[in-house]
Amino acid sequence: TAARADSVGPAGPASATGSEVEKAEVVNGELIGAGLELVHRAAAAAAARGRFALTVGGDHSVAAGSVSALAAAYPRLSVIWVDAHADANT
């Protein structure tokens, strides 16, 4: 049987192999991408001005925008990641 889209995690399908997973869909992917682009641009602008950038999001996806911008500005960047759960996403 094919794996459900919600069983696909960061390392790939949880219980399926090759041809069993045709397409894993991300709900609202374009909207999320546009939001992350806004976060990235804001964090990059703050870094360019030498300002401190702090982002707080409802989930961990916000880090894709902020960390990528700050890593470009500060190649020796270190990240302290605080998470309330011990899960496979962190």
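None of the values given here were measured: they were computed from a predicted structure. (Residues numbered from 1 in each chain as written. Predicted model: local features only at pLDDT ≥ 70, side-chain atom pairs only at ≥ 80, totals over all residues. Heavy atoms only, no water.)

Caption draft 1: Structural context of the overall build of the protein chain. Across its full length, the protein chain carries two helices and two strands. Shown N-terminal to C-terminal, the secondary structure of the protein chain runs as helices and strands in the order β-β-α-α. The proportion of buried residues among the 90 residues of the protein chain is 12%. Nonlocal contacts in the protein chain, meaning residues at least 24 apart in sequence, comprise 36% of its contacts between residues at least 6 apart. Entry remark: accessible area of the protein chain is about 7100 Å², with carbon and sulfur atoms responsible for 57%. (Helix = DSSP H or I, 4+ residues; strand = E, 2+ residues; numbered from the N terminus. Buried < 20%, exposed > 50% of the residue type's maximum accessible area, 1.4 Å probe, protein only. Contact = heavy atoms within 4.5 Å. Areas by Shrake-Rupley, 256 points an atom, 1.4 Å probe, with all protein chains shown as cover.)

Caption draft 2: The layout of surface pockets, seen in detail. Considering only enclosed or pocket space, the largest pocket measures out at about 560 Å³ in volume. If you trace the largest pocket, you find 20 residues lining it, with Thr55, Ser66, Val67, Val79 and Ile80 closest to the centre. Grouping the amino acids of the lining of the largest pocket by side-chain chemistry returns 13 nonpolar, six polar and one charged. (1 Å grid on protein atoms, 1.4 Å probe; cavity = no way out; pocket = protein on both sides within 12 Å on 5 of 7 lines; lining within 4 Å. Points joined across faces, edges and corners; volume = space filled by probe spheres on them. Nonpolar A, V, L, I, M, F, W, Y, C, P; charged D, E, K, R; others polar.)

Caption draft 3: View of unusual backbone geometry. The backbone of Asn28 sits at a positive phi, close to 60°, despite the residue not being glycine. Take Asn28: it is sitting in the loop between β2 (12-13) and α1 (29-48).

Caption draft 4: Region of the structure containing the confidence of the model for the protein chain. With 67% of its residues at a pLDDT of 70 or more, the protein chain shows a mean pLDDT of 76. Element-level mean pLDDT values for the protein chain span from 42 in strand β1 (residues 8-9) up to 94 in α1. Taken as a whole, residues 1-13 scores under 50 in pLDDT and shows 16 contacts with residues more than four places along the chain or in a different chain. (pLDDT = per-residue confidence, 0-100.)

Caption draft 5: Expanded view of the pattern of salt bridges. As enumerated under the stated definition, the model contains one salt bridge in all. We note a salt bridge from Arg41 to Glu37, for which the minimum N-O separation is 2.8 Å. Of the two residues, Arg41 and Glu37 both sit in helix α1, four residues apart, roughly one turn of that helix. (Salt bridge = Lys/Arg side-chain N within 4 Å of Asp/Glu carboxyl O.)

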